[in-house]
Each structure stands twice: as C-alpha cells, then as structure tokens.
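Here is what each chain is made of, one letter per residue.
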Amino acid sequence: MSTKDTPSTMRQWTTDQKGIKNIKLEEVKTPSESDLKEGEVLVKITCVSLNYRDTEVCNGTYGHHRSLSQDAKVVPCSDMCGAVIASKSSSLKVGTRVLSTFNQSHLTGQVTAKDLATGTGFPLPGVLTQYRVFPDHALVTAPTHLTNSEASTLPIAFVTAWTSINYFQPLHNPHHSPNTTLLLLGTGGVSIAGVLLGKALGLTTIITSSSDQKLQRAKTLGADHIINYRTTPNWDDKVLELTGDKGADIVFETGGSQTIEKSFNCVAFGGLISAIGYVSGKEESAESKVNVNVLALRRNVTLKGILNGPRDRFQEMIDVAFQEDKGVKPVVDQVFEFEQAREALKYLESGSHFGKVVIKVG
Ligand SMILES: NC(=O)c1ccc[n+]([C@@H]2O[C@H](COP(=O)([O-])OP(=O)(O)OC[C@H]3O[C@@H](n4cnc5c(N)ncnc54)[C@H](OP(=O)(O)O)[C@@H]3O)[C@@H](O)[C@H]2O)c1
C-alpha cells in the first residue's frame, strides 16, 4: 500500500445543498504525499456509510451548524473506512485500516461549538471522495474482524448508540443487566446499532417499526420484544405492559415530533431519554401542547441531548464491544456503487432500509 499507484486525479461527489438529485460527480487533483503536514495522513477510501444527516446536508436542511452559507459547495458524508497510503504521523503507519470520526476536534469530554465546526461532511469537506487527507487525531484504527463496509458504519450510528446508552455511566456499569430495558424507535441505523450494542451489554431491548418484516429481522439480531407502531399506535402502553408497568430505562428518541410524548409516557421513573433525532419531524409535537418540563417531571426523567460522542468514547466502544469474541457485526442493508451515490442517498431518505446503507468507493 503506497502512493505509487495513485492516479493524479480522483473523483469526488459534491453538493451545493440544492437537493440530492443535484449532487455532482467531479474530477479533481488527488492530494499527494508532499501535501501532507506533520501529523497528517493520506487515506484511500474504500467504503462510505450514509447517515440521515447526509441527506439533510444535500437538501440544505442541516441545521446544527451553519458556518457555511446556504449554497456553499461541500463534499458530503462523514463516515468512511479506508487505508493509510502515506503518513507524516507517528501513530498511524502506511497500511493501517482506519475509520473517520465525526467532529474531528472532539477528542474527549463535552462537545463544544468549536468541535461542531470540525464536523466531517459539513462544514469540513466530507468523505464521498476517493482520497482524503486527515489529521491523525480524526481517525481510529478499524476493528480487524469487520469488513470495510461493516466497519464504515461505526462513526455516527454506533458511537451515537454507545453514548446514548453509556453517556452518564462508567463503562462496566453494574446497573446494566437484563433488568435494564432499552427502547429503540424504528429500524434505522442508530436503532439497529442500539439492538446490537444492547445485546452485547446484556440489556433487554424493545424495538418498534412500521414493518412486521423488519421487526422479524430485528428479532433475529437479538431484539427481545417487537412492536409495530402502525398497527399498535399506542405503543407506549405496550411498552409499559411488556415491562410490567415499569417502563423503559433508556429510550433512544430518534423519532421527534410524532414520538416524543409517547416516549415520556413509557420511560421508567428516573429513566433516561436520549434525544437523538427527528425522523418523524422537527416541529413541536403534533398531538401535544404539553410543556417539556411537565413531561420530564411527571416520571422524574432525564432528557439528555446527544451529539455523537468524542473520540475516546469511540475507542472505548471498539475496545469493549468490537472485539472479535463479542460478535457485534453491523447490519449493512445494501451496498451501492460509487457512481450510484444519488440512488443510495434517495434510498436512505425513503426509509426503506434496515440498519445501514453503504457506498463502495475503492
Ligand atoms: N444526535 C446524534 O448524534 C445523531 C446521530 C445519528 C443520527 N441522528 C439522528 O437520529 C435520527 C435517526 O438516525 P438514523 O441514522 O438511524 O436514521 P435512518 O436510518 O434514516 O432511520 C430511518 C428509520 O426511521 C424510522 N422512523 C420513521 N418514522 C418513524 C416514526 N414515526 N416512529 C418510529 N420510527 C420511525 C423508520 O423505521 P421503520 O422503517 O422501521 O418504521 C425508518 O426506517 C435522525 O433524525 C438523525 O439525524 C442523530
């Protein structure tokens, strides 16, 4: 593995935030070894895993960080697996298989506005490209037993799931046991990561979906209880029933406006709602005019906003859950070719997938 065979030009996708259908494949100069500064490496990207956020960036609706103007051009996507082909780093040697981190400067502790300004794939250039230069602190070494496409799914979906379970907990939390129930909403990337990590940590998992077929698939991955939120619209009651009226200890709130009130209804007294996303809408709860204070105090709940996680928690997750004997294997629903990036993003946007969608680059 070296820069010997690296072509002088490479292909990369860009978006001007005017919709997925308008993303463009362009040819640009490949970064060369001589461009590297101290502490940087050149990576040949093999696989890119898509996140809901990438569709928002391409559609111009990503609202967490607005340091780029509404029509600025950016290379989208944040999650990749690749190989170091040139190095000016003392920690990463040529040939090392690496994964990107999301907010590149977020190495430990509380995330800050400064870290959000280092988000890969907005506002910083992303990874939907054949080669990219990274500072070595923005990479971790990939677990050896995962394929390139499986490994590419770790940076956002799995790290977010990890911090959504463990943010407040010391790692080998004595309170984690089958008596700890984790509620996952829908079968997207973060929820399925939650099923797999929950199983590895010995938790009981409940998952909802609009599809019985997807629920059966979740069961084969180890989900303990399944609920179809279309045919059981009062799924909050069902969660209480399944937990003997206690409620879920941890809720992955990925739903937003259509789910948040129900999540408050079925979280355990003293439980944790990890506020992760809004696949059902960003607006206020359509059904409720209830103040969030009232919702939180009713069952003495902690509502914790989650913004992915720092690099040291990513490494901790790899060390604990991605050792070969733990058997955590990400679920890759579909792999698209590099030229099919538009189709891949559209497929993710449609919500037809189960787990993760990947684009093969190299
Ligand atoms: N805060 C963070 O650090 C962070 C990190 C990652 C993601 N997120 C956010 O978290 C959310 C989920 O991300 P993701 O990557 O898992 O998305 P995703 O893979 O695109 O999730 C899509 C799934 O959401 C489910 N869904 C849609 N409407 C639903 C509803 N009303 N109730 C329950 N489930 C519903 C569907 O599941 P079924 O088809 O099974 O019904 C759909 O397949 C997004 O808003 C994303 O931006 C935040």
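Residues numbered from 1 in each chain as written. Predicted model: local features only at pLDDT ≥ 70, side-chain atom pairs only at ≥ 80, totals over all residues. Heavy atoms only, no water.

An unreviewed UniProt entry annotates the chain as Enoyl reductase (ER) domain-containing protein originating from Lithohypha guttulata.

1. Focus: the site of the ligand
Near the ligand, the surroundings consist of 25 residues, among which T187, S209, Y229, N308 and H353 are the closest. Y278 places a polar main-chain atom, nitrogen or oxygen, 2.9 Å from an oxygen atom of the ligand. In the model, an oxygen atom of the ligand is placed 3.1 Å from a nitrogen or oxygen of the G351 main chain. Contact with the protein chains covers 88% of the free accessible surface of the ligand, which is 930 Å². (Near = heavy atom within 4 Å. Polar contact = N/O pair within 3.5 Å; in protein donor to acceptor, adjacent residues only side chain to side chain. Areas by Shrake-Rupley, 256 points an atom, 1.4 Å probe, with all protein chains shown as cover.)

2. Re the packing of helix α1 (residues 52-59) against helix α11 (residues 341-350)
At their nearest, the axes of α1 and α11 sit 9 Å apart, and the two run at 115° to each other. Accordingly, the angle class assigned to the pair α1 and α11 is roughly perpendicular. Two packed elements cross with a definite hand, and for α1 against α11 that hand is left-handed. Between α1 and α11, the contacting residues are Y52, D54, T55, C58 and N59 on the first element and L345, L348 and E349 on the second. Tallied by class, residues from the contact of α1 with α11 come to four nonpolar, two polar and two charged. (Axes fitted to C-alpha atoms, helices over the stretch in contact; angles between N-to-C directions. Helix = DSSP H or I, 4+ residues; strand = E, 2+ residues; numbered from the N terminus. Parallel < 35°, antiparallel > 145°, perpendicular 65-115°, else oblique. Left-handed = near helix turned anticlockwise from the far one by under 90°. Contact = heavy atoms within 4.5 Å. Nonpolar A, V, L, I, M, F, W, Y, C, P; charged D, E, K, R; others polar.)

3. A look at the environment of P155
As for its position among the elements, P155 is in helix α4 (residues 154-166). The exposure class of P155 is buried, given its relative accessible area of 1%. Residues P155 and G256 lie 101 residues apart in sequence; the distance between their C-alpha atoms is 22 Å. If we ignore the near neighbours within four places in the chain, the residues touching P155 are D79, S100, N308 and F314. (Buried < 20%, exposed > 50% of the residue type's maximum accessible area, 1.4 Å probe, protein only.)

4. Brief notes about the domain arrangement of the chain
Its domain assignment divides the chain into domain 1 (9-153 + 331-360) and domain 2 (168-305). The C-alpha centroid of domain 2 is placed 29 Å from the C-alpha centroid of domain 1. Taken together, the contacts link 12 residues of domain 1 with 12 residues of domain 2. The contact between domain 1 and domain 2 buries some 1,000 Å² in all, and 55% of this surface belongs to carbon and sulfur atoms. In terms of surface lost to domain 2, no three residues of domain 1 exceed Y52, V331 and F354, which account for 53% of the buried area on that side. Here domain 1 is connected to domain 2 by one salt bridge. For D333, the salt bridge goes to R217, with nearest N and O atoms at 3.6 Å. (Domains from an automatic or database assignment. Buried area = accessible area lost by both parts, 1.4 Å probe. Salt bridge = Lys/Arg side-chain N within 4 Å of Asp/Glu carboxyl O.)

5. Here we look at the nonpolar core
The biggest cluster of nonpolar side chains holds 40 residues, and the ones touching the most others in it are L154, F158, L197, M317 and F322. Secondary-structure elements contributing two or more residues to this core are α4, β8 (181-185), α5 (189-200), α6 (212-220), β11 (248-253) and α10 (311-321). Take this core: its biggest share by element is seven residues, from α4. Here this core gathers at least three residues from each of two domains, domain 1 (9-153 + 331-360) and domain 2 (168-305). The contact partners of L154, leaving out residues within four places of it in the chain, are L99, P143, L146, V159, F314, M317, I318, F322 and P330. Ranked by size, the runner-up nonpolar core spans 29 residues in total, among them C77, L92, A341 and I359. (Core = buried A, V, L, I, M, F, W, Y, C linked by side-chain atoms within 4.5 Å.)

6. A few points about the pattern of salt bridges
In this structure the tally under the stated criterion is 11 salt bridges. As a salt-bridge pair, E241 and K238 come within 3.2 Å of each other at their nearest N and O atoms. Separated by three residues within a single helix, E241 and K238 lie in helix α7 (residues 235-242), roughly one turn from each other. Residue K238 is classed as partly exposed on the basis of its relative accessible area, which comes to 29%.

7. Concerning the sheet that holds strand β13 (residues 302-305)
In any sheet, the strands associate via hydrogen bonds between backbone groups, in a parallel or an antiparallel arrangement. Read across the sheet, six strands follow the order β10-β9-β8-β11-β12-β13 without closing on themselves; strand pairing throughout is parallel. In this open sheet, the two edge strands, each paired with only one partner strand, are β10 (225-228) and β13. For this sheet, the mean angle separating the axes of adjacent strands, direction not counted, is 20°. As paired elements, β8 and strand β9 (residues 204-209) share five bridges and run parallel to each other. Bridge assignment links T181 to a residue of β9, and that residue is T204. Strand contacts of α4: β8, β11 and β12 (267-275), with the helix running at about 145° to β11, the strand carrying the most contacts. Along the sheet, α6 contacts β9 and β10; its crossing angle with β10, the most-contacted strand, is approximately 170°. (Pairing = 2+ DSSP bridges.)

8. Describing the packing of α4 against α5
Between α4 and α5, the shortest axis-to-axis distance is 8 Å and the interhelical angle comes to 60°. Between α4 and α5, the angle falls in the class oblique. Viewed along their axes, α4 and α5 form a crossing whose handedness is right-handed. The residues of α5 that touch α4, namely those facing A157, F158, T160, A161, W162 and I165, are G189, V190, A193, G194, L196, L197 and G198.

9. Things to note about the packing of aromatic side chains
Tallied over the entire structure, the rule returns five aromatic pairs. Look at F158 and F322: their rings are 5.5 Å apart centre to centre, the planes differ by 80°, and that puts the pair in the edge-to-face class. Of this pair, F158 sits in helix α4 while F322 sits in the loop between α10 and β14 (332-337), and the two are 164 residues apart along the sequence. Judged by its relative accessible area of 1%, F322 falls in the buried class. (Phe/Tyr/Trp six-rings, centres within 6.5 Å; stacked < 30°, edge-to-face > 60°.)

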